[in-house]
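# Structural overview
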Amino acid sequence: MQFELVVLPGDGVGPEVATEGVKVLEVVGKRFGHRFKLHYGLVGGIAIDKEGTALSDNTVRMCQDADAVLLGAVGGPKWDDPLAKVHPEDGLLALRKELGLFANLRPVKVSPVLVDSTNLKPEVIRGVDLVFVRELTGGLYFARPKRRWQTSRGRRATDSMTYSEHEIERIVRVGFELARSRRQKLTSVDKANVLESSRLWRQVTMEVAPQYPEVELDHMLVDACSMRLIQNPTYFDVLVTENMFGDILTDEASMLAGSMGMLPSASLAGVPREGVKTFGMYEPIHGSAPRRAGLNMANPIAIILSVATMLRYSLGLPAEAQAIEAAVDDVLQEGYRTYDIMDEGKTKVGTKEMGDLIAKKVGG
Ligand code: IPM
Ligand code: MG
C-alpha cells in the first residue's frame, strides 16, 4: 500500500528524533511492502525564521492532504521573548486547531524492563498501563479573551477557560470508547469544586455515561488526581480531561514510565476504532529540549513509538505497529539506554545508535 505522510521535524531535538522515526518507518515499509511518500514541512521556530510565521498556509494544506502527520518538537530559547509577536508554540496550537485534532491520546505504560530504574518505587509503578485522553483544541489554551493590556494601575493579562457542551461530549466519548476496549474504567478529571467550566464538564460526562453501561466512571479533582498518579497509579485505566490539566498531568505521568523520552502521543480528529482509519498527528510528548539539541543525546523512543501509533490509528496497520513496539522492548531488554533512562550496568547509546538498533530489529 502507498501512504502520503507529512513530516514536521520542528526545532531543538525535533529533527534528530524525527530522522530516527523515519528510519524505522522506512524499514517497516521494506519489510511489509508499503510505500511511505514523505513530504517535509516547517512548523515552529524554524518556520518563524524561514517563513516569518510559525505555521504557513502551505504547511496546513500539505497536512490536510496527507494520511497522517509526524511531528518532532517545537520551541527554544531563541524565540522565547515574552514580548515577541509570535511564538513557535503558536504554530503547534494552530496546527492542532486547523486540523481539528481535538483528541490527544497519551498512553503511559511502564516497561517491565525499566521498572527498577525510575525515580519511583518499583512496587508502586509495576503494571502501570493507563491512557490519558486530553482535550486538545479548547479550554484554557484557546478560549477568548486572551490578551494583555495596560491599566492605570499597572498591566493586566487574561486567559479564560471555556467549554461548550459539544466539545465536552465528543472528547468524553473518546474516553468511553477507549475504556470500553480496555479495562472498562474511566476517570474524568476536573476542578468542579471551583470552576464553572468543570461543573459543565462533569454534568455532560454524567449524561453521556448511561450510553456506556459497561464502563465504570468516576470523577476526580485535578489536584487529587496529581497526587493519586504518584501514590497509586495502577488505579487508573483511561483518564479524560481538559487541555491544560492534561498537559500538566501527562508530564507528571511520564515519570512513571521513567522519562518523557519514552512517551508517544496521538492527536486525532475522531474516535479511534479498531479497523477504522482516523486522521491524526503523531508526536513525542517531550519538548524540543534545546540544551540537548545537536548532541546525539535525545531518546528517540517516544517518536518511534509515535510512528507505531500512527501505523495503528491512521494507516490501519496494527501488525506493523506491533513489530515496532516489540523491537523497542527487545532493544531495552538487551540493555541499551539513552542518557535519560541510563542505569548501572547498561550500555549507553546516542539518538542515532538507538534508532539503528530498533530499526535493525524491525527489519527482522
Ligand atoms: C505538549 C506541549 C505543548 C502543549 C507545547 C509545546 C505547546 O507541552 O504537547 O504537551 O502545551 O500542548
Ligand atoms: Mg506538555
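In what follows, the accompanying structure is described. (Residues numbered from 1 in each chain as written. Chains lettered and ligands numbered in written order. Predicted model: local features only at pLDDT ≥ 70, side-chain atom pairs only at ≥ 80, totals over all residues. Heavy atoms only, no water.)

### Concerning the nonpolar core
Condition: Only buried residues count toward a nonpolar core, which is a set of Ala, Val, Leu, Ile, Met, Phe, Trp, Tyr and Cys residues joined through side-chain atoms within 4.5 Å. Each residue is placed in one exposure class: buried if its accessible area under a 1.4 Å probe, protein chains only, is under 20% of its type's maximum, exposed if it is over 50%, and partly exposed if it falls in between. Comment: elements are numbered from the N terminus, with helices defined as DSSP H or I runs of at least four residues and strands as E runs of at least two. Throughout the structure description, domain borders are defined by an automatic or database domain assignment. Working rule for contacts: check all heavy atoms of both residues, and any pair within 4.5 Å makes them a contact.
By size, the foremost hydrophobic cluster in this structure holds 84 residues, and its most contacted members are L311 and I358. Considering every element that reaches this core, the biggest residue donor is helix α10 (residues 301-313), with 8 residues. Looking at which domains feed residues into this core, each of domain 1 (1-100 + 293-364) and domain 2 (118-257) supplies at least three. Setting aside chain neighbours within four positions, we find L311 in contact with L25, V28, F36, G316, L317, E320, A321 and I324. Of all hydrophobic cores here, the second largest spans 15 residues; its members include V6, L71, L99 and L101.

### A closer look at the sheet that holds strand β2 (residues 35-40)
Inclusion rule: Strand pairing is assigned whenever DSSP detects at least two bridges linking the two strands. Structural elements are reduced to axes, namely lines fitted to C-alpha atoms, with helices fitted over the stretch in contact, and the angle between N-to-C directions of any two is expressed from 0 to 180 degrees.
Across the sheet, 10 strands lie side by side as β2-β1-β3-β12-β11-β4-β5-β10-β8-β9; this open sheet has mixed pairing. Because the sheet does not close on itself, it has two edges, and the strands there are β2 and β9 (216-221). With strand direction ignored, the average angle separating the axes of adjacent strands in the sheet is 25°. Pairing of strand β4 (residues 103-109) with strand β11 (residues 264-268), which is carried by 3 bridges, proceeds in the antiparallel orientation. In the sheet register, N104 faces β11, and the bridge partner there is S267.

### Topic: the pairing of strand β10 (residues 238-241)
Along β10, one buried face is formed by V238 and V240 and the opposite face, lined by L239 and T241, is buried too. The pairing of strand β5 (residues 129-135) with β10 spans 4 bridges and is classified as parallel. Pairing of V133 across the sheet is with V240, part of β10. Sheet topology note: the strand β8 (residues 185-190)/β10 ladder contains 4 bridges and is parallel. Across the sheet, the residue bridging to S188 is V240, located in β10.

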